[in-house]
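Letter by letter, the chains look like this.
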Amino acid sequence: MRPALPRWSGTLAAKAAAFITVMCCALAALLGVLVHVQVTDQTVGQARDQALQRLAMTTERYEAGDPLRWGAGLDPPGLPRRLRDLAVSGDRGTMVADFAGRPTMWAAGPADGDRALAVAVDYSQQARTIEGLDRAILWSSGLAIGATLLVGAFAVTRVTRRLHTTALVARRISAGDLDARVNDPRTQPRAEVPARPQDEVAAVAAALDSMASSLQSKLLSEQRFTADVAHELRTPLTGLHAAAELLPPGRPTELVRDRVAALRTLTEDLLEISRLDTGRERLELDTERLGPLAARVVRGTGKGTEVRVVRDVSVETDRRRLERVLGNLVANAHKHGRGPVVLTVDGPVVTVRDHGDGFPEYLVAHGPQRFRTEGGAKGHGLGLTIALGQAEVLGARLEFANAADGGAVATLRVPME
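Everything numeric in this text was worked out from a predicted model, so none of it was measured.

A. Examining the overall build of the chain more closely. Of regular secondary structure, the chain possesses 9 helices and 11 strands. Across the 417 residues in the chain, those meeting the buried criterion constitute 34%. The long-range fraction of contacts in the chain, counting pairs at least 24 apart against all pairs at least 6 apart in sequence, stands at 62%. With the model as given, the accessible surface of the chain reaches about 25800 Å², and the carbon-plus-sulfur share is 57%.

Right, here's the structure in full:
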C-alpha cells in the first residue's frame, strides 16, 4: 500500500517548485563539477610541470656531482611509497601527498643503486585555490538556486492565482450564480494598451466566460418562455373554469372540472417556479414553532399523516414558504409512496417518510428535475422542485434519501435564529 501524500503535494505550485529545485540543483551540480574538474586539472598540471622541471634540474646537478638544493634528495623522508616504487622501476612520476602537515607535489625519478631521486614542491597555494573555487561554486550555486526559485515561484504563483480565480468562478456558476465571470485582463481588449498575447489560462478563462454567458442566455430564455406561457394560460383557464362551473351535474362535468383544476394547478406551479428561477424572492420572517406548524400543514393536506414531535423548537422563518415546502413533501409522499406517512420534528430537522418504493436513483443523486418522473408515476415532477426552490429561499437544506428498510425519506434542515 502506497503511503498517502500530503495535500499540498498535489498543487501545481508545489510540483513546479519541486521541478525547478531539482533542475537547478542538477544544473548547478553539473556546472560545478565541470568547473572543478577543469580548474583542478589545470592547477595540478601546472604544479606537475613545475615539479618535473625541478626534478630535471636536480637530476642534472646530481649527475654532475653538485650538491642538491633544499627540497631534493635521494629517498627523502615523506616520499610516497608508490611513487618511489615507480621511480625505482625506471620511470618518472608525480604525486600529491601531505608532508609536514602541508600538501606537497612530489616528483621522482630513477637514480643509481635502486634509489629514487625526488623533489618536493609546496602545493599549499594551489590547494587553497581549489578549495576557494569549491566554496565559490557552492555559494554561487546556492544563490542561483535561491534566485531561480524566487523568480519561478513568482511566475508560477501568478499562473496558479489566475487558475484559482477561474476555478472559484466555475464553482460559483455551478452553484447558480450565472452572473459570475472571470474577466481575465488578457481577455479584455483596451484601446490604450497594446494587445497582449493570450496564454492557456486566459484561453480557459475566456471559454468559461463564454460558456457562462451562453448558459445564462439560454436559461433566461427558458425562464421567460415558462413565465410567458403560464401567464398566457391564466386568462383562458379562468374562462374555462367559469364555463365548467355552468355545466349541468354529471360524470362528464366532473371529468372536465377535474382536468381544468389540474391544468390550473400546473399553471400556478409553473408561475411559482418562474418566480423562484429569477432569484428575487423576498422573505417575510417571523418566529414560528415547528411542532404546531407541522401539525397545521398536515391538517391542511387532509391526508392521514402521523405527526411526531421529538423536540420542538422556535425558528425565525417565512411561515408561508415553510408550509409550502412541508405541504409538497407530504403530498408527494401520499401520491407516489405508500402509508403510513410520518412527519417527524426533531429540533430544526423535519423529516417526511413514506413506506413505498422510495425515490428514483436520479432524484437521490441529483435532486428533483421538473417534468421528469419514473416508473409510470403520475405528475410533472414540479412539487419537489418547488419544495427545493422554496427551501433554498429559506436558507434551509432539503435532502432526499431512501430508508434501508424501504420508503422515501425527505429531510429538511431549517436554519436556527
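Having seen it, we continue.
B. Broad picture of the pattern of salt bridges. Tallied over the full model, the rule gives 14 salt bridges. Residue arginine 413 pairs with glutamate 399 through a salt bridge whose shortest N-O separation is 3.7 Å. Taken as a pair, arginine 413 in strand S11 (residues 408-413) and glutamate 399 in strand S10 (residues 397-402) lie far apart in primary sequence, 14 residues in all. Overall, the relative accessible area of 30% leaves glutamate 399 in the partly exposed class. A cluster of three or more residues bridged by salt bridges with shared partners is formed by Glu288, Arg296, Arg319 and Glu323.

C. Expanded view of the state of the cysteines. With the rule as written, the count across this model stands at 0 disulfides. The cysteine cysteine 24 is free of any disulfide, with cysteine 25 supplying the nearest cysteine sulfur at 7.0 Å. For cysteine 25, a relative accessible area of 37% translates into the label partly exposed.

D. The arrangement of helix H7 (residues 319-336) in detail. Taking 1.5 Å as the rise per residue, H7 with 18 residues should run 26 Å; its terminal C-alpha atoms sit 26 Å apart, in good agreement. Considered for burial, the residues of H7 that qualify are Arg321, Leu322, Glu323, Val325, Leu326, Gly327, Asn328, Leu329, Val330, Asn332 and Ala333. Its side-chain oxygen 3.2 Å from the backbone nitrogen of arginine 320, aspartate 318 forms the N-cap of H7.

E. Spatial organisation of the sheet that holds strand S6 (residues 305-311). Strand order in the open sheet formed by 5 strands is S6-S8-S9-S11-S10, and the pairing between neighbours is mixed. Strand pairing shows two members of the sheet lacking a second neighbour, S6 and S10, which therefore form its edges. Shown here is a sheet whose adjacent strand axes are inclined to one another by a mean of 15°, direction ignored. Pairing of strand S8 (residues 341-346) with strand S9 (residues 349-353) involves 5 bridges; the strand directions are antiparallel. If you follow leucine 343 over to S9, its bridge partner there is valine 352. Strand contacts of helix H6 (residues 290-301): S6, S8 and S9, with the helix running at about 165° to S8, the strand carrying the most contacts.

F. Main features of the nonpolar core. Of all hydrophobic cores here, the largest spans 32 residues; its most connected members are Leu322, Leu329, Leu343, Phe400 and Leu412. At the level of elements, H6, H7, S8, S9, helix H8 (361-366), helix H9 (382-394), S10 and S11 are the ones that each hand at least two residues to this core. In terms of residue count, H7 provides more of this core than any other element does, 6 residues in total. Residues contacting leucine 412, with those up to four places away along its chain left out, are Leu322, Val325, Leu326, Pro348, Val349, Val350, Ala391, Ala396, Arg397 and Leu398. Within the second largest apolar cluster, 14 residues are counted, among which are Leu55, Met105, Ala107 and Tyr123.

G. Fine view of H6. In this model H6 runs 17 Å from its N-terminal to its C-terminal C-alpha over 12 residues, within 8% of the 16 Å that 1.5 Å per residue would give. Those residues of H6 that sit buried are Leu290, Gly291, Leu293, Ala294, Val297 and Val298. Taken end-on, H6 shows its buried residues confined to a sector of 165°, consistent with a single buried face. In H6, the exposed positions angled more than 90 degrees off the buried face are occupied by Arg299 and Gly300.

H. Broad picture of the packing of H7 against H9. Viewed as axis vectors pointing N to C, H7 and H9 meet at an angle of 150°, and their least axial separation amounts to 9 Å. Of the possible angle classes, the one that applies to H7 and H9 is roughly antiparallel. Here H7 and H9 pass one another in a crossing that is left-handed. Every residue of H9 that contacts H7 at Arg321, Leu322, Arg324, Val325, Asn328, Leu329 and Asn332 is listed here: Gly383, Leu384, Ile386, Ala387, Gln390, Ala391, Val393 and Leu394. Within the contact of H7 with H9, the residues separate by chemical class into 9 nonpolar, 4 polar and 2 charged.

I. Up close: the packing of helix H1 (residues 12-64) against helix H3 (residues 124-174). Interhelical geometry of H1 versus H3 gives an angle of 160° and a closest axis separation of 9 Å. For the element pair H1 / H3, the angle class is roughly antiparallel. As H1 runs across H3, the sense of the crossing is right-handed. The residue makeup of the contact of H1 with H3, split by class, is 18 nonpolar, 11 polar and 1 charged.

J. Quick look at the pairing of S10. Inspection of the sheet shows S10 paired to S11 by 6 bridges, in the antiparallel sense. Paired with arginine 397 across the bridge in S11 is arginine 413.

K. Local environment of a nonpolar patch on the surface. On the surface, Leu27, Leu30, Leu31 and Leu34 cluster together into a nonpolar patch covering about 400 Å² of accessible area. Mapping leucine 30 onto the fold places it in helix H1.

Thresholds, definitions, all that
Residues numbered from 1 in each chain as written. Predicted model: local features only at pLDDT ≥ 70, side-chain atom pairs only at ≥ 80, totals over all residues. Heavy atoms only, no water. Helix = DSSP H or I, 4+ residues; strand = E, 2+ residues; numbered from the N terminus. Buried < 20%, exposed > 50% of the residue type's maximum accessible area, 1.4 Å probe, protein only. Contact = heavy atoms within 4.5 Å. Areas by Shrake-Rupley, 256 points an atom, 1.4 Å probe, with all protein chains shown as cover. Salt bridge = Lys/Arg side-chain N within 4 Å of Asp/Glu carboxyl O. Disulfide = S-S within 2.5 Å. Expected span 1.5 Å × (residues − 1). Polar contact = N/O pair within 3.5 Å; in protein donor to acceptor, adjacent residues only side chain to side chain. Pairing = 2+ DSSP bridges. Axes fitted to C-alpha atoms, helices over the stretch in contact; angles between N-to-C directions. Core = buried A, V, L, I, M, F, W, Y, C linked by side-chain atoms within 4.5 Å. Arc of directions from axis to C-beta. Parallel < 35°, antiparallel > 145°, perpendicular 65-115°, else oblique. Left-handed = near helix turned anticlockwise from the far one by under 90°. Nonpolar A, V, L, I, M, F, W, Y, C, P; charged D, E, K, R; others polar. Patch = residues over 30% accessible without salt bridge, like charges linked within 9 Å, V, L, I, M, F, W, Y side chains within 5 Å.

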